[in-house]
Every structure is written in structure tokens, then in C-alpha cells.
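Listed below, chain by chain, are the residues.
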Amino acid sequence: MNESPVFHDTPDTLSEYRHWFRRANRDDQPDRSLEDVPCTLLSGTLDFLQRFEALADQDAKALSDAQSVDAALSDIAPLPGHFANLPDTSDLDMIVAVIDTDMPLGHRSLRHSTTGRSRILYHWEMGAQVTQPGPRLMGREFVQSQIDDMLNRHSDNNDPLQALDEDAFNRDLGALDLGRLVGNRALSMRHAHGAHMLDTVAGTPQSPQNPGLFEQKVGIITINMPSRWQFGEGGEFLDAFMLRAVVRLYQVLRALRRRHSNQVKPLPCVASMAFGRQAGAKRYDYDPFAWLLEHLANRQGGDDARFDLILPVGNDNLDRVTARHVLQPGESMQVDWRMMPGDQSDNYLEAWAEPLTSGTTPVFAVNLVPFGAPDSAAHHLPARGQYFDAFSDQGKVGARVYRLNPRRPGAPPIDSICGYLFAAGPTDPRNDSLATVPPGRWKVMLQNPGQHAIQVNLSVQTDQSVMPVANVSGRSYLDDPTYRLFDDEGRAVDSVRHDRTTGWQLTDNSTGTRRRGTINAAASQNYSAVVGGYRASDGKPAAYSATGADALYDNGREAPTALMPTDDSVAMAGTLSAGSADGSRVAMRGTSFASSKATRLVAETWLTQPTSRNLSAAEVLGQAATATENGPNPFTAAYDPSNPGDGKPKLGGGRTVGPAYFSRTPDGLERRAPLPPAVVAS
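Below, the structure is looked at part by part.

**Regarding the overall build of the protein chain**
Part 1 of the argument: The helix and strand tally for the protein chain stands at 12 helices and 24 strands.
Part 2 of the argument: A total accessible area of about 25,900 Å² is found for the protein chain, and carbon and sulfur atoms account for 48% of it.

**Some points on the environment of Leu-651**
Part 1 of the argument: Summarising the element assignment, Leu-651 is placed in helix 12 (residues 648–651).
Part 2 of the argument: Owing to a relative accessible area of 0%, Leu-651 belongs among the buried residues under this scheme.

**Structural notes on the pattern of salt bridges**
Part 1 of the argument: All chains considered together, the criterion is met by 22 salt bridges.
Part 2 of the argument: The salt bridge involving Asp-479 is made with Arg-338; its shortest N-O contact spans 2.6 Å. Pair noted here: Asp-479 is in the loop between strand 17 (477–478) and strand 18 (496–499) and Arg-338 is in strand 9 (residues 332–339), with a separation of 141 residues, a long-range link.
Part 3 of the argument: In this structure Asp-479 comes out as partly exposed when scored by relative accessible area, which is 21%.
Part 4 of the argument: Of the residues examined, Arg-338 reaches a relative accessible area of 26% and is grouped as partly exposed.
Part 5 of the argument: Notably, a salt bridge pairs Asp-389 with Arg-400, separated by 2.6 Å at the nearest N-O pair. Of this pair, Asp-389 sits in strand 12 (residues 386–393) while Arg-400 sits in strand 13 (residues 396–403), placing them 11 residues apart in sequence.
Part 6 of the argument: Under the relative-accessibility criterion, Asp-389 is labelled partly exposed at 28%.
Part 7 of the argument: One network of salt bridges, in which partners are shared, links Asp-316, Asp-319 and Arg-475.

**Describing the packing of aromatic side chains**
Part 1 of the argument: Taken as a whole and assessed by the stated rule, the structure comprises eight aromatic pairs.
Part 2 of the argument: Centroid distance Tyr-387 to Tyr-402: 5.2 Å. Interplanar angle 45°. Geometry classified as tilted. You can see Tyr-387 sitting in strand 12 and its partner Tyr-402 sitting in strand 13, a full 15 residues away along the chain. Of the two residues examined, Tyr-387 and Tyr-402, each falls in the buried class.
Part 3 of the argument: Site record: aromatic cluster; members linked through ring pairs are Phe-364, Tyr-420 and Phe-422.
Part 4 of the argument: The ring of Phe-214 carries Arg-600 above its face, with NZ or CZ at 3.9 Å from the centroid.
Part 5 of the argument: Against the face of Phe-635 rests Arg-655, its NZ or CZ located 4.1 Å from the ring centre.

**Considerations on the sheet that holds strand 16 (residues 454–460)**
Paired through backbone hydrogen bonds, the strands of a sheet run either parallel or antiparallel to each other.
Part 1 of the argument: Spatially, eight strands are ordered 1-12-13-14-10-16-8-20 in an open sheet, and the strand pairing comes out antiparallel. The sheet is open, and its two borders are formed by strand 1 (8–9) and strand 20 (512–514), each paired with just one other strand.
Part 2 of the argument: Direction of pairing for strand 13 relative to strand 14 (residues 418–424): antiparallel, over a ladder of five bridges. The residue of strand 14 that forms the bridge with Ala-399 is Ala-424.

The rules behind each value
Residues numbered from 1 in each chain as written. Predicted model: local features only at pLDDT ≥ 70, side-chain atom pairs only at ≥ 80, totals over all residues. Heavy atoms only, no water. Helix = DSSP H or I, 4+ residues; strand = E, 2+ residues; numbered from the N terminus. Areas by Shrake-Rupley, 256 points an atom, 1.4 Å probe, with all protein chains shown as cover. Buried < 20%, exposed > 50% of the residue type's maximum accessible area, 1.4 Å probe, protein only. Salt bridge = Lys/Arg side-chain N within 4 Å of Asp/Glu carboxyl O. Phe/Tyr/Trp six-rings, centres within 6.5 Å; stacked < 30°, edge-to-face > 60°. Lys NZ or Arg CZ within 6 Å of the ring centre and 35° of its normal. Pairing = 2+ DSSP bridges.

Here it is in C-alpha cells:
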């Protein structure tokens, strides 16, 4: 271990994640073997992110009117010419949107019962191959008439009411691509995340004799995100794709509201977006995704009818990926970071310090000691924007420590926080350009050289395989002997438990590795509704459903907006919705499906109770949860959202039932959950 490392400057034009990504001179490619089109997709998206951040750096007041915003967004995300062919929306009352992956648009539940025509107004296939890629051209975009043409083309006798060749339709759309190394493949399998989500949000039963209100009055917008390797191994590029998707959704909404009329039709929209980097807030200074949501939230009303986004809390509650430590002046400590064997992906850990005394500037020194290396008492304090290498293998860098340079748009660097990024390569690299790092317990060394106590928050970054070039991802975690995995009866320990005498109690550590603060990074803001999951049979919160942060100490979101059913019972994990093939049903579990249920519930409430359209999605869900918790309580453990006590970080605004569409099961059984009582418009 180098006791006196050389400090280097991180280029101003690159984020720390992107700089690490390019350590093997890979030019923004996970592997040189990958073709040019997807790489153009990534580089174009990063170009978009740079332009978006430049937009955020402008004076926010200059972007307060709709024309300024439209012009600015059109510059960084130009509109395609066929936007002029967007459909007439005069017969619609509202719009639902789904941003996901692998959505099958040909399912009959997404079409009009009487004609077989699509109910989807606009679709963007972000990862579809294009013949002439360019820095701002990305995937393929379709309006309703183009989707209908494809449905006709791939249906028997060119009749969309007859059988559809689903594989041919999905290939034509670009949603199924088995010919490219990085093409989307999930729709060739039994289940697909987007199939489940889209049917949950927008599907309707086929009833040609009596089409339902939802089918007739609710339009659909869909955006299929690209294959996940584009997001990077730690999700380092996911924010850019999320930004690009939400910006396009906003542009489409504004165009649809003006279609075929000089007057604007105020079509409210609620959207589900089941994405977000895992395990809590990352950057403690500036989140461009939160900046966009804040900006859109401040412009509700008028030309901008209500547009609300619903996100899941995430499934990282039990993954040992967040920690909090308090360091007194002069104190040093070691945090163990466990690297998994056979891991083909990079690993990331962020550490941020905040002052515990108002008006003081937190600073801490660090070191990173690989498994098997001699112990080191050295702690290093690079300047803001500098890094040092912590491990090398045969001349190839295997681990690096970056000191982050906190900032906010249009403002000087922030002195009130101090942060580091620890980046380590794979333990089983997928090609010769990458170093091999040793699996085992690495030591993250922290030291407070200042005169005041500080709090250090640590967060392990998302770790995913970059299919298809690396399909094994062993996620690193914080190895803390004080962290209890299971109780005396072998059940997973959650962040809270219910006692019949004392009510809800926190079981989590106050310091060290914790479950609190695990709500996903994109949801760690207050401009969208955020939902977790619970078990429908008894109301027990799902153990995997993430927990909010401490209101007094931690950055991030304090609690979910509400909880929705994500498991039917102990014996029946998950909930049912559409599989990849039309008419199929599969059970899938996770808080993504809580967000889709919440989106449907808000849509049905807005549709059937027009006065509720003055309420945000969060307000609708909060009122629904309060009505459920205070009604004839079907849950074993009672919870009062107005007096949540220690249950709040996990249960938030309370539990509510799923929308009525979901209560039908494929075998015809009925377990109807009524819509919540009428909400009160403010």
C-alpha cells in the first residue's frame, strides 16, 4: 500500500464515475466488442446530460415561463418531425404514462375492444437500432397511427381484431432484437418487467359490448428504456437516461394538450417510472433529476396541467448498503467493505460528511486498503476534485479514491459537506484491459482531523451485470458485525417490528450499517410520490421494501408516501399481472409493482372523481392510505398515519388496497378491492 500516493486532478469535463469508467481508455464503451450504435446512444445521452446541466446552471427565473422552457428543452432534445401527427385527444380526460423496459405494446388489454386499435398515443423505443445514428438521434419514436399500421401488418388478414404475430410485431417495433449483441431479449421470455408494469398501469379487460370508462377516456404514453448495460455497472449513467425520458414525456404531454386546437386541453397525467440508483441518496449537493422534478412541480396549472411521477422506494432494505458513523475530533475508524468473488462488475461506495455543529466545515481524510494488503495507519486528504490510486494489478489500476467537488447549479462549490467516491474494479474481469482486484474484506479508513464532530454517511452504489458481456454481478456490501440479519426464529430482521403492547418499534442500528436511508436515489426527493410494498394477506411491510432516512440527520427522503400490496401471502410471493405473451399471467414481486399499482389507483381516482384532479398523486395516495388504515382494518398490526411513531420510516403515509382492476385473477376468482372513499379536493 502506497503510504504517500500521488494526487491527480479529475478533468472538469468528466464526472468521477465517468472518469473511472474510462480508466482502460474504453471511450465510454463497456467493451470494445460492442457495436457502434449503442455506444452512440450512450455518448448522445451523456451529451444530453451536459446540455441539461448547462440549462440548470442558468438563472431559474429565466426559465419560469413555458415558452422559455420549451425552447430550452427543444434545443437539448429536438422534437421529431412526426410530432405533427400526434393523435387528437379531444375525447380523453387524462393520460397515464409508463417509463420502463421491455413493454409489449400489442397486448389486447392495451387496445380498444371494438376496433383493435392501439390506445397508446405515443411510444419511444429508446434502444432500437437506427440506420443513421447521430449525437441527438436516439432510438425510434412512434405515434398512434404508426402503431396501428404495425398492428394491421402483423395481424391475420390485416385485421387488428384477429390474431397478432407478437414476435414479428415486437421485432418491427424494436422491442425484441435477438440479432444484436445488446438487443432487447426479455419479450422472448415468459415474463418481462415492463409487461407486468404496463398492464398494471393501463390494461383494461376486453369488453366489446360495453367498453369501460378507463378504456374510453384514458390515453397512454410509453417509453421503453434501453437494455440495462447502457446504464453502466453502477448505474452511473442511469440519471441521464431518466432525465431524457422525463423531458420527452413532458414535451409529448405539452404537444398533445395543444393538438388540433388553439386552446389548451388540461389533460392531467400520472406516470410510473420504476428506476433509480439503489441504496439511498448519492450526491448530497445536486441531483439533476430532482432539479427537473422541482422545476416541473413549480409549473403546475395553466398550460401545464397536473403531471405527477410515481417511483418505487427500492428493494435494498436488507442488502447492507448504507451506514452512518459519528467521528469525534481526531478520531479514526475502519469500515469493512466486502467484495464478492466471481464479480464481473465494478463496485462503488460513496462517503459524505456533514457537520454536527452548525456553521462548521466538515473535512475527513480517508484511505482504502485492499484485502490481503498490510494494514496502514495513513489517511489521505486530497484537494477537492483530486483522486489517488489505491490498488494496481500489473500496471492496471484496480481501485481509486476520488474526493468529490460538491456544487449546485449556478453556485460556487459547497463548503458545508465533504464527500468521496471509492471505486474498485471486478474480482473476475471480463477482459484483459481490466485489473483483477482481490475478493474479500477491504478496509475503508476514515479520520476526522478537524476540531468538531462530524457525521459520515456511507452508501454502496448499485451493482448490476452489464449483460451480455458480463452476466455475473456479486454485489459488494458493508460487513458489520453489529448488524443482525435474522431474529431468533430465523426471520429476516426488518427496520421496524410491531409489538401488540407498544406498537411499532425501530429495530435498526442508530449507527453502523443500517436499513434506514435505503430509499432509492431517484426517489430521495420530495417532488414525486414514492411507494413501498406490503403483504396483502396480513398487512406486514415487505422486508425488502426500503426504509426512509432519519429526518434529523440524514440526507434523503424521510418516508414513503404510501405502501401498496406487493405480495399476496406468505405462500404466494408477488402479485399477478401480464406476462410477455398476450393473455399470460405471471407473479412478480418488488416495489416496482407497488409504483405501478399506485399509478393505476391515482388514475382511477382522478377519472371517477373529477374534483380530485386538483390533488397531487401524493395527496390522493395519502388520503387513500388514511381511509384504509382508519377504516374496517384488515391488517393484523394497526397503524395510524397521523400518529406514526417509530413506524413512519417504513410505513410512511400508511397502507392502501390495490385498485379494482388488479383484484381479478386468471382463474376467475374475485377479490375486489374498492376504490378509496371520495377524496377531498383542496
